[in-house]
Amino acid sequence: MPSQFESMPSSPALLHRRQWMAMALTAGAATALWPAAHAVAVQVTPSATPQDQLIMGISMNNLLSLDPAGATGNGVVEIAANLYDFLIELHPEDTTRIEPGLAQRWEVGGDGRSLVFHLREGARFQSGAPVTAQDAAWSLHRVLRLNLALATPWKGYGFTAKNAERQIRALDERTLRIDLPIATDPKMVLYTLATSVSAAVLDRQTVLLHEKDGDLGAAWLNTHAAGSGAFRLDQWRAKEILMMSRFDGYWRGPARLRRVVMRHMTESQSLRLMLARGDLDMATGLSVPDIQALKTTPGMVVHTVQRGTMYYVAMSMQDSKFADPRVRQAVRSLIDYQGIDRAVMPFYGRLQQRPVPLGLSATLPQPGYVLDVPAARALLAQAGLGDGFDTTIRVVAEAPFINIATSVQSTLAQAGIRASVLPGTGNQVYGAMRERKFEIVVGRGGGGAEPHPHSSLRALAYNPDNRDAARLTNFQGWRTGFYSPRLNGMIEQALLEPDPGAQQRAYQAIQRVYEDEVGPILPISQMVETVVYRNTVQGYVGHPSATTRLHGVFKASAPLGAAGHG
């Protein structure tokens, strides 16, 4: 395989063992690090973490805030799903199936313009206060008043800070009514209520006790929580550790685990060693070679779940070169999709070149893009760039992003495009996108949490106002400067189509138009989340929408046999 697809070498991260073990309350820490060559075998003596605790190794590089009004990224969703409750939930094995959460039942108005939720009795916040419809309404009002990133879907449904209290209101302690300001598909609203961190129900009284200068508790909620979930937040230290303990007053009954410890770890070889030794129960972010090795290790389970999020190559149409569709089409022909899929994306993603997730009835078959250097050269010549040009690729400095970027850099060069790779943190890379100050980004995004085509199209293609002053930073179409009134209208109309067959055909037509207009966000793979855990961990079910709940997880008293696959 070409060298650009190989995993980038890295040195093991320094593990502050005494501090780590004291905080994680584990024993038998590793004193040696995994050798640099994956092929070298190491004999390890398994130890065990405490029976009532789940010790996880994860990357917290993109975990910047815990505030449900503004926290973004897949990592925070799982944390929020355990600290907070939502009105409704999606079944993890059939995400089109809506299930009760804090609301035990609900109705959609005959005209599709109203939703009424009936909250269950007996649910309490971790403060001891009862969960009420007033708390649920206020939580959504707060999202709109703060107007941070997670207000975007609600604004797309017509809600504003001005109309929120009129459109979202408690009829009594147990009844919440939501009147939709504009016509939309009520299924999308229900899906958002079930999957978006912004839909978490907050303990209004506790949050307001920590309000400062009218911030609705935003500064405090960056590092604290006020929910009714199965676990309460003990502490979070950014890029170090997050600890949650069981909330014994949980309305579903106490969780089976007493404590969950999430430790910030980004070095795959260290994660692999600590899993093998039993110093970790579960880990994410492992490299492909380490996952392959653990697949055959007795007592390990490799669990994968397909997410709706897309890995992509994005170009800025604010840059005059990429404003030319011929140049965008040339770049589309300079990606080795199949090579990346084979060599980089196992356990990270599945080949997908459409802006709508796999598995939905509206998703078209693959368009069949392949690496075609002669075609790309001809397109660049037509655009007056036959000698190529210089550009930059911004990318998060983690696998698989950096591996994708290295591959794209190599194949762009075959047509004379000289790209420099600029690695950075998630905040640096996506911050540049939000400011529209980039040329090319290798990234991941695009909604997809809701099992509906609109979720991804809203994020990747829709852009109702392309002015810089509009600051529609949560629309990646806006970030790239892609503005198509035709597509905007088609997306808006498809959402309102009441006939399922006609709606499906409308979404398929949108995908064809996006292809014809050479949208600047080029999907290359659909995210797969891979979690490796010891088989003493039982009851774990990863959720496609990232709302993985740990309430039912427990640990068996002894290993259960051979390696497995989840």
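Residues numbered from 1 in each chain as written. Predicted model: local features only at pLDDT ≥ 70, side-chain atom pairs only at ≥ 80, totals over all residues. Heavy atoms only, no water.

Trainee: Let's hear about the environment of Arg120: which residues, and what values?
Mentor: Looking at the secondary structure, you find Arg120 in the loop between strand S5 (114–119) and helix H3 (133–146). The buried category is assigned to Arg120, whose relative accessible area is 17%. C-alpha separation for the pair Arg120 and Leu412, spaced 292 residues apart in sequence, amounts to 57 Å. Not counting residues up to four positions away in its chain, the partners in contact with Arg120 are Pro100, Gly101, Leu102, Ala103, Gln104, Arg174 and Trp251. Side-chain polar atoms of Arg120 contact the backbone oxygen of Gly101, separated by 2.8 Å. (Helix = DSSP H or I, 4+ residues; strand = E, 2+ residues; numbered from the N terminus. Buried < 20%, exposed > 50% of the residue type's maximum accessible area, 1.4 Å probe, protein only. Contact = heavy atoms within 4.5 Å. Polar contact = N/O pair within 3.5 Å; in protein donor to acceptor, adjacent residues only side chain to side chain.)

Trainee: I'd like a rundown of the pairing of strand S17 (residues 521–534), residues and numbers included.
Mentor: Of all 14 residues in S17, 14 are buried, a share of seventy percent or more. As paired elements, strand S11 (residues 282–284) and S17 share 3 bridges and run antiparallel to each other. Bridge assignment links Thr284 to a residue of S17, and that residue is Val531. Alignment of strand S12 (residues 300–315) against S17, held across 12 bridges, turns out to be antiparallel. Within S17, the residue paired with Met310 across the bridge is Gln526. Looking at chain direction, strand S13 (residues 349–351) and S17 are connected through 3 bridges and run antiparallel. When the bridges of S17 are listed, Arg350 appears paired with Gln526. (Pairing = 2+ DSSP bridges.)

Trainee: Describe the side chain of Arg479, and please don't skip the residues or the numbers.
Mentor: Within the element layout of this structure, Arg479 appears in helix H18 (residues 476–480). The buried charged residue Arg479 lacks any salt bridge, with Glu435 as its nearest oppositely charged partner at 9.6 Å. Engagement of the side chain of Arg479 in a polar contact is seen with the backbone oxygen of Thr473, the distance being 2.6 Å. If near-sequence neighbours (up to four positions away) are discounted, Arg479 is found in contact with Tyr430, Met433, Arg434, Arg436, Phe438, Thr473 and Asn474. (Lys, Arg positive; Asp, Glu negative; His and termini not counted. Salt bridge = Lys/Arg side-chain N within 4 Å of Asp/Glu carboxyl O.)

Trainee: Before we move on, could you go through the packing of aromatic side chains and cite the residues and values that matter?
Mentor: In this description, a pair of aromatic rings is defined by centroid distance and the angle of the planes. Tallying each qualifying case throughout the model produces 9 aromatic pairs. Ring centres of Trp154 and Phe159 lie 6.2 Å apart, and the angle between their planes is 65°; this geometry places the pair in the edge-to-face category. Connected via pairs of aromatic rings, a cluster forms that spans Trp154, Tyr157 and Phe159. A cation over an aromatic ring shows up here: Arg436 above the ring of Trp478, its NZ or CZ 4.1 Å from the ring centre. Above the ring of Phe86, the side-chain terminus of Arg549 is found at 5.5 Å from the ring centroid. (Phe/Tyr/Trp six-rings, centres within 6.5 Å; stacked < 30°, edge-to-face > 60°. Lys NZ or Arg CZ within 6 Å of the ring centre and 35° of its normal.)

Trainee: Could you give an account of the packing of helix H17 (residues 453–460) against helix H20 (residues 500–516), with specific residues and numbers?
Mentor: Running from N to C, H17 and H20 point in directions that differ by 25°, and their axes come no closer than 11 Å. Classified by the angle their axes make, H17 and H20 are roughly parallel. As for how H17 packs across H20, the hand of that crossing is left-handed. Contacts between H17 and H20 pair Pro453, His454, Leu457 and Leu460 from the former with Tyr507, Ile510 and Tyr514 from the latter. Grouping the amino acids of the contact of H17 with H20 by side-chain chemistry returns 6 nonpolar, 1 polar and no charged. (Axes fitted to C-alpha atoms, helices over the stretch in contact; angles between N-to-C directions. Parallel < 35°, antiparallel > 145°, perpendicular 65-115°, else oblique. Left-handed = near helix turned anticlockwise from the far one by under 90°. Nonpolar A, V, L, I, M, F, W, Y, C, P; charged D, E, K, R; others polar.)

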